[in-house]
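# Fold and contact review
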Amino acid sequence: MASFVGDYFLFLFPSVLLLLLSLTLRLPRVHCWTGLAVRALSWRLWVIICLILGLPLHKNTSARAEEVKSAGTNILSGSGQISDESRLICKPTALAKYLLRHCGSLAKPRLATWPRGDPHLQTLSSLLWGQHGEALQFTRDNLLLKDGGIIAVDWAVGTKMGEAATRKKWDVRKEHQSGVRAPGCFTSAPPVLLLIPQYWGGMTPHLKMLCQQALCQGFYVVVFHPRGTEGCPLTTARVTEFGDPADLEQAVAYVHSRHPSSVLFAVSEGSGSGVLLSYLGECGSSTYLTAAAAISPVLLGQLWFETPMPPIYRWGALFHRKQQLRRYASSFRGVRDVDRALSSSSLRDFEEALFCSPAQPQLSPLNSGLSSRSHSQWGLASSAAWALDERAYPAKDWESYWERNEPLRDADEVAVPVLCVCSSDDPLLPPASTLPLPLFMSNPYFFLMLTDRGGHCGFALEEQGGEMWSHISILEYFRVVAEFLRGDERNRVSWSALMEENSQARLRGWSMAPARRRKATEMRRPRPQAADQCAMDAQEGNFTWKRSYTR
């Protein structure tokens, strides 16, 4: 009998122990201590993994982990709160003040903390295995370019859940968000959102989530794919350089022709900002875009290629680019140093081998040695070579390559608002100290939203909803900018009031005459008087946001 009781007690002992443990963990203090212990152990394990993989531990990440620990200690006394640091860096203009008042998502973003907020986990999740949501459906248009090349634009036609269910889902979300909708949402002329992927092409989970959320808010969504990427055929021996906006310019013109009465916005992902910013600078006020945004943008291209990248990211990007080149290796061997590019060990070496050549014929009207044979040697027709000008052939060296491809080379010509969303702990970009802050503080068209964490194209929210703060803030930014510009059109002064201001301006010694209307397709430079007036208005805080004429 005693042995039976002992065996019965030993049989029930594990169950009783688990019951007592579960009851103990229900106590608030014990539960909090256990969570802190597990998180501290996980942090130590993650540090070891980062050291093995060669991933840098950013100061923001370690400081955030310590802040989480101290916050957990304060929770015991009921006063724990984690503050998010984010700042909007820009010139204090009327639009900047309007954004701060009406764009609530830019004010106090509640970004995820560690572990979900770790920059490396956010980066890998957004670029490789993030949440796709419902499967998106696209229809493709292949565009024949002036030089004989082909680019692809994919129109998002909806998701498997259907348009009605998508709108119903958005109506539910609106109750928990700002309660407003996209400009022109569900009207005869919805806005068009043009998405520009990374420089090496491809649709990442991050871009798919942005596409799905824009569809839910009533945008027409179209994705731009450069030549030779994402299944787009390569019909000429020419690939897009980092800051070459020629293909994007033709794609924007095509999208505008499809929806001429719709407002057109553009968003770039990561290194895709090189093409977007170059396009905005070269087109100036003749662009069809109303506003643009760049998520984790590469603002200084040469610095980005020359800054060492963590090995896991460097080899991943190189592998993707080499796979694209191997597909057309036989076609490029006569015009590019393919073998050197395929054996390169860094993004700079790959880019330099593919686009820089010390010995190439110069395209010049004084060079009589050019012939149809030399043009065909580089895979270009004679007319296409003249149209491409200096880009018809590889650059002479690394420095000359960036003279024509630096994203901000024509930043002074940008004539539409541009929002750049950056994170201080981005593992793929140079340190935040290298950001061109004087540009954002002096140019009224550039806005920089800098957060203390977010990774590269991450910016996950603290809530477990699967949405990204960068997507919410950018779509709301487009809505606010559209409302501001519409209000600016309605509030323009009458001709008599303008003439009165002109007469008063002449008494002060400078002219304020309105610029003469010209064709929108011309590239223009302002007259000196108009330029002086714009500068004085900007200094006085009276910037009107009327697009200036540019070169």
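Residues numbered from 1 in each chain as written. Predicted model: local features only at pLDDT ≥ 70, side-chain atom pairs only at ≥ 80, totals over all residues. Heavy atoms only, no water.

We now examine the nonpolar core. Ranked by internal contacts, the top residues of the largest apolar core, which has 44 residues, are L193, L195, V267, Y477 and F478. Of the residues forming this core, the biggest block, 11 residues, is contributed by helix α19 (residues 469–490). Counting residues in hydrophobic clusters, the runner-up holds 41 residues, among them I196, A294, L299 and F440. (Core = buried A, V, L, I, M, F, W, Y, C linked by side-chain atoms within 4.5 Å. Buried < 20%, exposed > 50% of the residue type's maximum accessible area, 1.4 Å probe, protein only. Helix = DSSP H or I, 4+ residues; strand = E, 2+ residues; numbered from the N terminus.)

A word on the packing of helix α11 (residues 311–327) against helix α14 (residues 347–355). Running from N to C, α11 and α14 point in directions that differ by 25°, and their axes come no closer than 10 Å. Overall, the two elements α11 and α14 adopt an arrangement that is roughly parallel. Considering how the two elements wind past one another, α11 and α14 form a crossing that is left-handed. Of the residues in α14, those in contact with A317, L318, R321, K322 and L325 of α11 are L347, F350, E351 and L354. Along the lines of polarity and charge, the residues of the contact of α11 with α14 split into six nonpolar, no polar and three charged. (Axes fitted to C-alpha atoms, helices over the stretch in contact; angles between N-to-C directions. Parallel < 35°, antiparallel > 145°, perpendicular 65-115°, else oblique. Left-handed = near helix turned anticlockwise from the far one by under 90°. Contact = heavy atoms within 4.5 Å. Nonpolar A, V, L, I, M, F, W, Y, C, P; charged D, E, K, R; others polar.)

With respect to burial, strand β9 (residues 446–451) is a largely interior element, six of its six residues being buried. The two faces of β9 match: F446, L448 and L450 on one face and F447, M449 and T451 on the other face are all buried. Examined bridge by bridge, strand β1 (residues 86–89) and β9 share four bridges and lie antiparallel to one another. Paired with L88 across the bridge in β9 is M449. Bridging between strand β8 (residues 418–423) and β9 involves six bridges; their strand directions are parallel. Paired with C422 across the two strands is L450, which belongs to β9. (Pairing = 2+ DSSP bridges.)

On to the packing of helix α8 (residues 246–258) against helix α9 (residues 273–283). Two packed helices can be described by the angle between their axes and the distance between those axes. Interaxial distance between α8 and α9 falls to 9 Å at its minimum, and their mutual angle equals 75°. When the axes of α8 and α9 are compared, the pair comes out roughly perpendicular. Note on element contacts: α9 touches α8 through V275, L276, Y279 and C283, opposite L248, E249 and V252. Taken together, the residues of the contact of α8 with α9 sort by class into six nonpolar, no polar and one charged.

Quick look at helix α7 (residues 205–216) now. One turn of an α-helix holds 3.6 residues; hence residues three or four places apart share an orientation. Its 12 residues give α7 an end-to-end C-alpha distance of 17 Å, which sits within 8% of 16 Å, the value for a rise of 1.5 Å per residue. Most of α7 is tucked away: 11 of the 12 residues are buried. Looking only at α7, the buried set comprises P205, H206, L207, M209, L210, C211, Q212, Q213, A214, L215 and C216. A positive phi of about 95° marks G218, the residue just after α7. (Expected span 1.5 Å × (residues − 1).)

Turning next to the sheet that holds β8. One open sheet accounts for nine strands, arranged β1-β9-β8-β7-β6-β4-β5-β3-β2; its pairing is mixed. Here the strands that pair on one side only, and so sit at the sheet edges, are β1 and β2 (136–144). For this sheet the average axis-to-axis angle between neighbouring strands, irrespective of direction, equals 20°. Of the pairings in the sheet, the one linking strand β7 (residues 291–295) to β8 comprises four bridges and is parallel in character.

Our focus in this paragraph is the packing of aromatic side chains. Scanning the model with the defined rule gives 18 aromatic pairs in all. Note on F242 and W402: the rings are 5.6 Å apart at their centroids and 65° apart in plane angle, and the pair reads as edge-to-face. In this pair, F242 is assigned in the loop between β5 (220–225) and α8 and W402 in helix α17 (residues 398–403), connecting sequence segments 160 residues apart. Ring geometry for F440 against F446: centres 6.0 Å apart, planes inclined by 85°, an arrangement best described as edge-to-face. For the pair F440 and F446, one class covers both residues: buried. Through a chain of ring-to-ring contacts, three or more aromatic side chains come together here, namely Y199, F242, W304, F305, F355, W398, Y401 and W402. Positioned over the ring face of W155 is R258, at 4.7 Å from the centre of the ring. (Phe/Tyr/Trp six-rings, centres within 6.5 Å; stacked < 30°, edge-to-face > 60°. Lys NZ or Arg CZ within 6 Å of the ring centre and 35° of its normal.)

Let us look at the confidence of the model for the protein chain. Mean pLDDT over the protein chain: 76, with 68% of residues reaching 70 or higher. Low pLDDT, under 50, characterises residues 67–83; the predicted model gives this stretch 24 contacts beyond four residues in sequence or across chains. Here residues 545–551 scores under 50 on pLDDT; set against residues more than four positions off or in separate chains, the count is 42 contacts. (pLDDT = per-residue confidence, 0-100.)

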